[in-house]
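This is what each chain is made of:
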Amino acid sequence: MAVDIPRPREAHEILDCEAAETAFLASMERGRLHHAWLLVGPEGVGKATFAFRAARRLLGARPVPALGPLGADPQDPVFRQVAGRAHPDLLVLERDDGEQKRRTIPVDEARALPEFFSKSPGIAAYRVAIIDAADDLNVNAANAVLKTLEEPPARGVLLLVAHKPGALLPTIRSRCRRLVFAPPPEDAAAAWLMARLDVSEEDALRLLRMARGAPGKALRLAEAGALEIDAAARRLVDQLPRADPASALAMADSFRGTEGAERFALTMDRIAAALHERAVHAATDQERALSDLADAWSVVSDLPGEVEGINLDRGDAFFAALSRLKALA
């Protein structure tokens, strides 16, 4: 499915984040802006989009209240500079730097923070750094960020996106003001998706449930073909202990190439979801059936991590798992 997904630095709209934006703006207008903000919540609920909206306001973009408390004019020069990675008072650390998708944020980039904040703002009132996401910092990079937090910069603000804040260093968490982001109401999120995708309300709700309510993640799932993958995974589980060889081979072939890892993980997630639903139904049936389905779910759920961890061939791993599923079914 062709989906036009604006990157957070380019997005001028945000869904259901008024409380967080109002709190940030109030702190800014009172002149009591904390030097570090930890933006926490599930992936895909708008944390990175919020960070860029806050950064644009700090950097002086022209406000547009109709677009929310931190809304800014998309035609404003500051907005365009931020979208084009060209604002001299903004530093962004991210795993996906626009050219390559990396496993972590390199420590060398994290070590650039102290030097960045040691300088006075060039053309704005503040210098701003965004880390998207802090979960992607390795130990050395996290310690480099901590050094900046221990020496708060004058006229500097650090915005850290965190999907799993519990995994961060306690010393990082304790030095940040926390803003919590939750998934928006399902009906509002479904309407938001339908305005951006050529899908029915039923499919919009399916995507949201796959994404655990996070609209941004649901949009990315749509782009990855999640609806089709989910349907194929359910057909496979419904056929167990048999499976159509041609369909299984086509599924395995789709795991090859640079995008194969994401498709493999998504397929295993949807097979696991289908097995979970079958297990729920089996709970009212015999205990043995429930135990076998629980084992099958474990096999599928653990597979993506095992494959990436020891560099197994995804197709071979899929067929091995399929054989185990047939036996358990």
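Residues numbered from 1 in each chain as written. Predicted model: local features only at pLDDT ≥ 70, side-chain atom pairs only at ≥ 80, totals over all residues. Heavy atoms only, no water.

**Student:** Honestly, the overall build of the protein chain in this entry has me stumped. Any pointers?
**Tutor:** Each helix and strand counted, the protein chain has 15 helices and five strands in total. Each principal axis of the C-alpha atoms in the protein chain carries an extent, and together these give about 65 × 40 × 35 Å. In the protein chain, buried positions account for 47% of the 329 residues. For the protein chain, the share of sequence-separated contacts (at least 6 apart) that also reach a separation of at least 24 residues comes to 70%. By element, 50% of the accessible surface of the protein chain is carried by carbon and sulfur atoms, the whole surface being about 16,600 Å². Computing the positive centroid from 42 side-chain charges and the negative centroid from 48, the protein chain places the two 5 Å apart. (Helix = DSSP H or I, 4+ residues; strand = E, 2+ residues; numbered from the N terminus. Buried < 20%, exposed > 50% of the residue type's maximum accessible area, 1.4 Å probe, protein only. Contact = heavy atoms within 4.5 Å. Areas by Shrake-Rupley, 256 points an atom, 1.4 Å probe, with all protein chains shown as cover. Lys, Arg positive; Asp, Glu negative; His and termini not counted. Charge placed at Lys NZ, Arg CZ, Asp CG, Glu CD.)

**Student:** In this structure, what is going on with the packing of helix α9 (residues 201-210) against helix α11 (residues 226-239)? I would like to understand it.
**Tutor:** The relative placement of two packed helices is expressed as an angle between their axes plus a distance between the axes. Axis separation between α9 and α11 bottoms out at 10 Å; the angle between their running directions is 80 degrees. Classified by the angle between their axes, α9 and α11 sit roughly perpendicular to one another. Residue-level inspection shows D203, R206, L207 and M210 of α9 in contact with α11, the latter providing A226, L227, D230 and A231. Among the residues making up the contact of α9 with α11, the classes are represented as five nonpolar, no polar and three charged. (Axes fitted to C-alpha atoms, helices over the stretch in contact; angles between N-to-C directions. Parallel < 35°, antiparallel > 145°, perpendicular 65-115°, else oblique. Nonpolar A, V, L, I, M, F, W, Y, C, P; charged D, E, K, R; others polar.)

**Student:** Hey, could you run me through the environment of D238 in this one?
**Tutor:** Note on placement: D238 falls in helix α11. For D238, a relative accessible area of 59% puts it in the exposed group. Spatially, the C-alpha atom of D238 lies 37 Å from that of D136, the residues being 102 residues apart in sequence.

**Student:** Can you walk me through helix α10 (residues 215-223) in this structure?
**Tutor:** Think of an α-helix as turning once every 3.6 residues; residues three or four places apart then point the same way. By the burial criterion, the buried members of α10 are P215, G216, A218, L219, L221 and A222. Where α10 terminates, the next one or two residues include G225, which has phi positive at roughly 80 degrees.

**Student:** Is there a simple way to think about the packing of aromatic side chains in this case?
**Tutor:** Remark: the centre distance and the inter-plane angle together describe each pair of aromatic rings, the angle taken between the planes. Tallied over the full model, the rule gives seven aromatic pairs. Ring geometry for F116 against F117: centres 5.1 Å apart, planes inclined by 70 degrees, an arrangement best described as edge-to-face. Residue F116 is classed as buried on the basis of its relative accessible area of 11%. The exposure class of F117 is buried, given its relative accessible area of 8%. In this structure an aromatic cluster arises from ring pairing among F24, W37, F50 and F181. (Phe/Tyr/Trp six-rings, centres within 6.5 Å; stacked < 30°, edge-to-face > 60°.)

By themselves, these observations are geometric and do not establish any function.
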